[in-house]
Amino acid sequence: MKAIRIHQFGSSELLKTEEVPVPVISDNELLISVYTASVNHIDSLLASGFLSHVYPLVFPWIPGTDFAGKIEAIGKNVSNFAVGDAVYGSKFGGGAYAEFMVVTLEMIYAKPASLTFVEAAGLPVAAVTAIEGLFKHGHLQSGQKVLIHGGAGAVGTCAVQMAVQAGARVIVTASETDKNWLLSLGAHEVIDYRTKRFESVAGEVDMVFDLVGGEVQDRSFTIIREGGFLVAVNQHPSAELAKKYNVRTVFMNALPRAESLKQVYHLIEKGKLSLEVAQVYPLEEAGQAWKNIAENLTGTTGYRPVNKDKKRGKHVILIRK
Ligand SMILES: NC(=O)c1ccc[n+]([C@@H]2O[C@H](COP(=O)([O-])OP(=O)(O)OC[C@H]3O[C@@H](n4cnc5c(N)ncnc54)[C@H](OP(=O)(O)O)[C@@H]3O)[C@@H](O)[C@H]2O)c1
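Just so it is clear, the structure is predicted and the values come from calculations on it, not from any experiment.

To continue, consider the overall build of the protein. Within the protein one finds ten helices and 15 strands. Computed over its C-alpha atoms, the radius of gyration of the protein comes to 20 Å, within 12% of the 20 Å expected for a compact globule of 321 residues. The principal-axis extent of the C-alpha atoms belonging to the protein is close to 55 × 40 × 35 Å. The buried share of the protein, taken over its 321 residues, is 46%. Contacts in the protein between residues at least 24 apart in sequence constitute 67% of all its contacts with a sequence separation of at least 6.

Here it is in structure tokens:
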């Protein structure tokens, strides 16, 4: 089969298409014929070696966390699915940039029928991070006020829709070019992060969902009510500031499992969640896909110039039609 592999830590230049054997499943596993895999920041972060102290990789390594496809073969202890079923899912540690991959039951759920394989592959990490960040870690409730930093990104888009539906007042930081679109998703207020300091306009909030990090995160403490929550995804919040402002902080790592994929499935099928696709690439161009999303990386690099041509949504690799 064709797969993208890397043989050492590094960046997108190391992604090579190679011919490798189709993996063999054990009795408790399933073989997926992968149709699509999406690009998540975690894929390139793992490849960079930055997380090697916590998540060591075994080389050669096949990247790719989120995927959609069909079941090709089933281990003899697995009963819930049949060969040919369309599924979507997430495998932390990679394997999805290949024509076939091995999964276990907790990594997959039925693909929402209303979505294409391209659309379905974009969802797992983004949607599950939003659910877990807002509700499991941030304890967001109806009537509360939440500020979502990076609201126009993949996670942010899901979070805005979910927080609005939960009855929260939703304030978002984003580029001016995304303002009308975020308002159409239900956001109550959109703050252009390049021209306004959010702390001078947002007022006090119950929760900040920080998808940006850096100094944006530190400044967020000043607007969270005492006892409120700061949920962070790409940087551990300062314990000192948490104490000073009496804010409860969480650094989270979302792990999409069948139970949360099921929740996402129902949101999609009820028309309550959508996520755009920015660009689709053939497998051989996975490296270019990584380069394109790296430009969106948030946090420590300061404010980039406005890119009016930037496409909103997930970048997805098409492995078979
Ligand atoms: N820990 C976890 O479980 C977990 C899970 C998923 C994602 N993450 C992390 O969460 C972050 C967001 O992921 P994503 O997939 O949603 O990213 P994405 O789709 O690439 O979106 C990033 C968004 O952030 C916006 N942005 C950049 N700087 C900003 C600032 N200073 N203020 C407000 N918005 C800003 C960008 O807007 P412009 O392009 O218009 O500037 C873009 O819309 C990444 O750092 C990712 O690694 C963590």
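Now for the environment of Ala258. Assignment of secondary structure puts Ala258 in helix H9 (residues 258–269). Residue classification places Ala258 among the partly exposed positions, given that 19 C-beta atoms sit within 10 Å. In sequence terms Ala258 and Gly271 are 13 residues apart; their C-alpha atoms lie 20 Å from each other. Once residues within four sequence positions are removed from consideration, Ala258 is found in contact with Leu105, Glu106, Ile108 and Tyr109.

Strand pairing in a sheet takes place through backbone hydrogen bonds and is either antiparallel or parallel in direction. Strand order in the open sheet made by the six strands is E10-E9-E8-E11-E12-E13, with parallel pairing throughout. Looking at strand neighbours, the two that pair on one side only are strand E10 (189–192) and strand E13 (248–251), the edges of this open sheet. Across the sheet, the axes of successive neighbouring strands diverge by a mean angle of 15°, strand direction being ignored. Note: strand E8 (residues 145–149) against strand E9 (residues 169–174), five bridges, orientation parallel. Of the residues in E9, the one forming a bridge with Lys145 is Arg169.

Moving on, we get to helix H3 (residues 124–137). Within H3, eleven of the 14 residues are buried, leaving the element largely enclosed by the surrounding structure. Taken together, the buried positions of H3 are occupied by Pro124, Val125, Ala126, Ala127, Val128, Thr129, Ala130, Glu132, Gly133, Leu134 and His137. Just downstream of H3 lies His139, where phi reads positive at about 50°.

Its location among the elements puts Pro60 in the loop between helix H1 (41–48) and strand E4 (66–74). With 53 residues separating them in the primary sequence, Pro60 and His7 have C-alpha atoms 4.5 Å apart. Every residue in contact with Pro60, bar those within four places of it in the chain, is listed here: Arg5, Ile6 and His7.

This brings us to the domain arrangement of the protein. Splitting the protein by domain gives domain 1 (2–123 + 275–318) and domain 2 (125–251). Inter-centroid distance (C-alpha atoms) of domain 1 to domain 2 is 27 Å. Counting from both sides, the interface comprises 17 residues of domain 1 and, opposite them, 19 residues of domain 2. Residues belonging to the side of domain 1 that touches domain 2 are distributed by class as follows: five nonpolar, eight polar and four charged.

Bringing the packing of H3 against helix H4 (residues 154–165) into the picture now. Where H3 meets H4, the axes come as close as 8 Å, and the angle between the chain directions of the two elements is 50°. Considering their axes alone, H3 and H4 lie oblique with respect to each other. Viewed along their axes, H3 and H4 form a crossing whose handedness is right-handed. Contacts from Ala126, Ala127, Thr129, Ala130, Ile131, Gly133 and Leu134 in H3 reach Ala154, Val155, Cys158, Ala159, Met162 and Ala163 in H4. Of the residues that constitute the contact of H3 with H4, the class distribution is eleven nonpolar, two polar and no charged.

For the rest of this paragraph, the subject is the nonpolar core. Soluble globular proteins: nonpolar side chains tend toward being buried together. Ranked by size, the top nonpolar core spans 96 residues in total, and within it Val34, Tyr97, Val146, Ile148, Ala159, Ala163 and Val172 carry the most contacts. Element by element, the count of residues in this core is highest for H4, at seven residues. There are two domains that each give this core at least three residues, and those are domain 1 (2–123 + 275–318) and domain 2 (125–251). If near-sequence neighbours (up to four positions away) are discounted, Ile148 is found in contact with Gly156, Ala159, Val160, Ala163, Val170, Val172, Phe209 and Leu211.

About the cut-offs
- Residues numbered from 1 in each chain as written.
- Predicted model: local features only at pLDDT ≥ 70, side-chain atom pairs only at ≥ 80, totals over all residues.
- Helix = DSSP H or I, 4+ residues; strand = E, 2+ residues; numbered from the N terminus.
- Rg over C-alpha atoms; globule rule 2.2 N^0.38 Å.
- Buried ≥ 20, exposed ≤ 12 C-beta atoms within 10 Å, placed from the backbone.
- Contact = placed C-beta atoms within 7 Å.
- Pairing = 2+ DSSP bridges.
- Axes fitted to C-alpha atoms, helices over the stretch in contact; angles between N-to-C directions.
- Domains from an automatic or database assignment.
- Nonpolar A, V, L, I, M, F, W, Y, C, P; charged D, E, K, R; others polar.
- Parallel < 35°, antiparallel > 145°, perpendicular 65-115°, else oblique.
- Left-handed = near helix turned anticlockwise from the far one by under 90°.
- Core = buried A, V, L, I, M, F, W, Y, C linked by C-beta atoms within 7 Å.

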